[in-house]
Amino acid sequence: MAAAAAALAAAEPPPAMPQAAGTGGPAARRDFYWLRSFLAGGIAGCCAKTTVAPLDRVKVLLQAHNHHYKHLGVFSALRAVPQKEGYLGLYKGNGAMMIRIFPYGAIQFMAFEHYKTLITTKLGVSGHVHRLMAGSMAGMTAVICTYPLDMVRVRLAFQVKGEHTYTGIIHAFKTIYAKEGGFLGFYRGLMPTILGMAPYAGVSFFTFGTLKSVGLSHAPALLGRPSSDNPNVLVLKTHINLLCGGVAGAIAQTISYPFDVTRRRMQLGTVLPEFEKCLCHHLTILFQYHAGDYEVCLWTPWNSKRIISWFIS
């Protein structure tokens, strides 16, 4: 969530200060801001993803029903993984995630600025709507560009000690390329990813922007502080920034979660026993529907079949 907060906070840079003697001027300050935002977002993302890596690995194992852990819950799986694979087993696949963080953040940040300007100037759309549209498009752009690394990360995270198909990141790339259709093999599950990323990125940017605007409008003294770049501009305090990013990420993840389960099953592809039922988006959803997969919607007490039926009706 810290990564989301940093990225979302960086989405709207404060205006540059007037040029002063001995400085590089507004352009230089803006360039420095972009570099600072990129580095801060990347480092924050690495720290955040490493912190939640054990939960992320357990999520992958449970979403795809790894036969060693499918009968367990979240907390029992967190205890079982170290017992079977050692504590480092909780961090399988985290290396590929660390490699993915910086290009993903950079592409998303730059794409958001580009799309926001394009939507405002070409379509004449402004306010919350242009943040929603630009956030969705930026998220999809970043996902498409870095998707092969996400594919490799999931394959490594799903492996269990003693049953390794891949020995590392490079070996996974080579094996997938050789055995699963070349370059296109790295994009298995892209469709549900795009379908889920649109609401995820859009809602996260929209929610964060709304919380920020409302907070600074109604309680500027309590929630805001002067920007280091321009004392006349208020920005959210660090802990409020983190809280808003966390709330935005939680809401967005809840909305897009069914797509995340479908994506994971398709990414794992041939390593699953029922791989022939998870070769495309439509088949995967039908398989989950007929199997009565209640784990597809852990976030809701509703029957998962009812939820999935919305997407196939």
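The preceding data block contains the structure.
Residues numbered from 1 in each chain as written. Predicted model: local features only at pLDDT ≥ 70, side-chain atom pairs only at ≥ 80, totals over all residues. Heavy atoms only, no water.

Participant: Residue-level account of the overall build of the protein, with values.
Facilitator: From N to C terminus, the protein includes twelve helices and two strands. When its helices and strands are written in sequence order, the protein yields α-α-α-α-α-α-α-α-α-β-β-α-α-α. In the protein, which comprises 313 residues, the share counted as buried stands at 48%. Across the protein, the fraction of contacts at a sequence separation of at least 24, relative to all contacts at a separation of at least 6, is 67%. (Helix = DSSP H or I, 4+ residues; strand = E, 2+ residues; numbered from the N terminus. Buried < 20%, exposed > 50% of the residue type's maximum accessible area, 1.4 Å probe, protein only. Contact = heavy atoms within 4.5 Å.)

Participant: Summarise the side chain of Thr193; cite the residues concerned and give the values.
Facilitator: One can find Thr193 in helix H8 (residues 190–218). Classification of Thr193 as buried rests on a relative accessible area of 5%. Excluding anything up to four places from it in sequence, Thr193 contacts Val143, Tyr147 and Arg263.

Participant: Tell me about unusual backbone geometry, and please be specific about residues and values.
Facilitator: The phi dihedral of His65 is positive, around 55°, even though this residue is not glycine. Mapped onto the secondary structure, His65 falls in the loop between helix H3 (53–63) and helix H4 (74–85). Owing to a relative accessible area of 31%, His65 belongs among the partly exposed residues under this scheme.

Participant: Got a sec to walk through H3? Specific residues and values, please.
Facilitator: Among the eleven residues in H3, nine count as buried, and that is most of the element. Among the residues making up H3, those that are buried are Ala53, Pro54, Asp56, Arg57, Val58, Val60, Leu61, Leu62 and Gln63. Positive backbone phi, at 55°, marks His65, one or two positions downstream of H3.

Participant: Quick one: what's the story with the packing of aromatic side chains, residue by residue and with numbers?
Facilitator: A full pass over the atoms with the stated rule returns four aromatic pairs. Between Phe183 and Phe186 the ring centres are 6.5 Å apart and the planes differ by 65°, which places this aromatic pair in the edge-to-face class. Residue classification places Phe183 among the exposed residues on the basis of a relative accessible area of 51%. Judged by relative accessible area, which is 5%, Phe186 ranks as buried. One aromatic cluster in this structure is built from Tyr147, Phe173, Phe183, Phe186 and Tyr187. (Phe/Tyr/Trp six-rings, centres within 6.5 Å; stacked < 30°, edge-to-face > 60°.)

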